[in-house]
Amino acid sequence: MTAVETVPRPAYDAFGTAELVSAAKLPPAQAQGVFRAVLDALARPGTVTRVPAAVAAEVPSALLPVLALADLGTGIRVLEEDGAGLWSDVVSVATNAPVVPLEQARLVAAVRPVAPEEILRLARGAADTPEDGAVLCLPVSALEGGPRTWRLSGPGVPGEREVAPDGLPDGFVEARAEAVGGFPAGVDLMLAAPDGSLMGLPRSTTVTFIADVVSEEEN
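Every value quoted in this text rests on a predicted model; they were computed, and no experiment measured them.

How each quantity is defined
Residues numbered from 1 in each chain as written. Predicted model: local features only at pLDDT ≥ 70, side-chain atom pairs only at ≥ 80, totals over all residues. Heavy atoms only, no water. Helix = DSSP H or I, 4+ residues; strand = E, 2+ residues; numbered from the N terminus. Buried < 20%, exposed > 50% of the residue type's maximum accessible area, 1.4 Å probe, protein only. Areas by Shrake-Rupley, 256 points an atom, 1.4 Å probe, with all protein chains shown as cover. 1 Å grid on protein atoms, 1.4 Å probe; cavity = no way out; pocket = protein on both sides within 12 Å on 5 of 7 lines; lining within 4 Å. Points joined across faces, edges and corners; volume = space filled by probe spheres on them. Nonpolar A, V, L, I, M, F, W, Y, C, P; charged D, E, K, R; others polar. Pairing = 2+ DSSP bridges. Axes fitted to C-alpha atoms, helices over the stretch in contact; angles between N-to-C directions.

1. A closer look at the overall build of the protein chain
Move 1: Scanning the protein chain from terminus to terminus reveals nine helices and 11 strands.
Move 2: Out of the 219 residues belonging to the protein chain, those deemed buried represent 50%.
Move 3: Total accessible area on the protein chain is roughly 10000 Å²; 51% of this is exposed by carbon and sulfur atoms.

2. Some details on unusual backbone geometry
Move 1: In this model, F183 is joined to P184 through a cis peptide bond whose omega is 15°.
Move 2: Assignment of secondary structure puts P184 in the loop between α8 (172-179) and β9 (188-192).

3. Structural notes on the layout of surface pockets
Move 1: By volume, the second largest pocket is sized at about 160 Å³.
Move 2: Lining the second largest pocket, in full, are R77, V78, L79, E80, D82, S88, P101, L102, R112, E118 and R121.
Move 3: Its residues assigned to classes, the lining of the second largest pocket shows four nonpolar, one polar and six charged.

4. A closer look at the sheet that holds strand β7 (residues 148-153)
Move 1: The three strands are arranged β8-β7-β11 in an open sheet whose pairing can be described as antiparallel. Either end of the sheet is taken by a strand with one partner, and the two such strands are β8 (161-163) and β11 (206-212). Averaged over neighbouring strand pairs, the angle between their axes works out to 30° when direction is ignored.
Move 2: When β7 meets β11, the two strands line up antiparallel, connected through six bridges. The residue bridging R148 from the neighbouring strand is D212, located in β11.

Rendered as structure tokens:
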């Protein structure tokens, strides 16, 4: 699996926290652009949408859906390296949203690789309150060209669609399948590449592993 460079370390040196907060406060037009990209990605699973280029250049792209959707009534969680709290503070201040434990968060973003067990800890809601399920945006190296190919089917997918994102953890498909197994309860996932491109995997989408490109090449 290709390593994922999830946090742009130069930004830590070039900007202070106040400047990062300022950059993370999306102007209405930019917030609307991100919001539209998120909605399109979730409505058409497996297709690639893109946030405004100027926005993606300022903060990690996986944070953008949270920055566009969060408000003071939405619990958020940012997954970053142990002991680091920079991006969590930035997102909270920029959106006025409260930081809550992972299991309680409605909006979750990662600036580091996500472990499958963390997907299993996400809030799923219930059959009568599916809106309480979490949305997780996690970083990938790219939305195509990865070593594994999956087939998507379900609402919003005409027939079937094959995707091969690069940089997801081993066990991702299995953990997601368990997290959406109680549909309509479950979690919605967004994959975010460094260039600001997004791919949605809503809970209604079936993801099936069909090919391991690396193994085929080795054979």
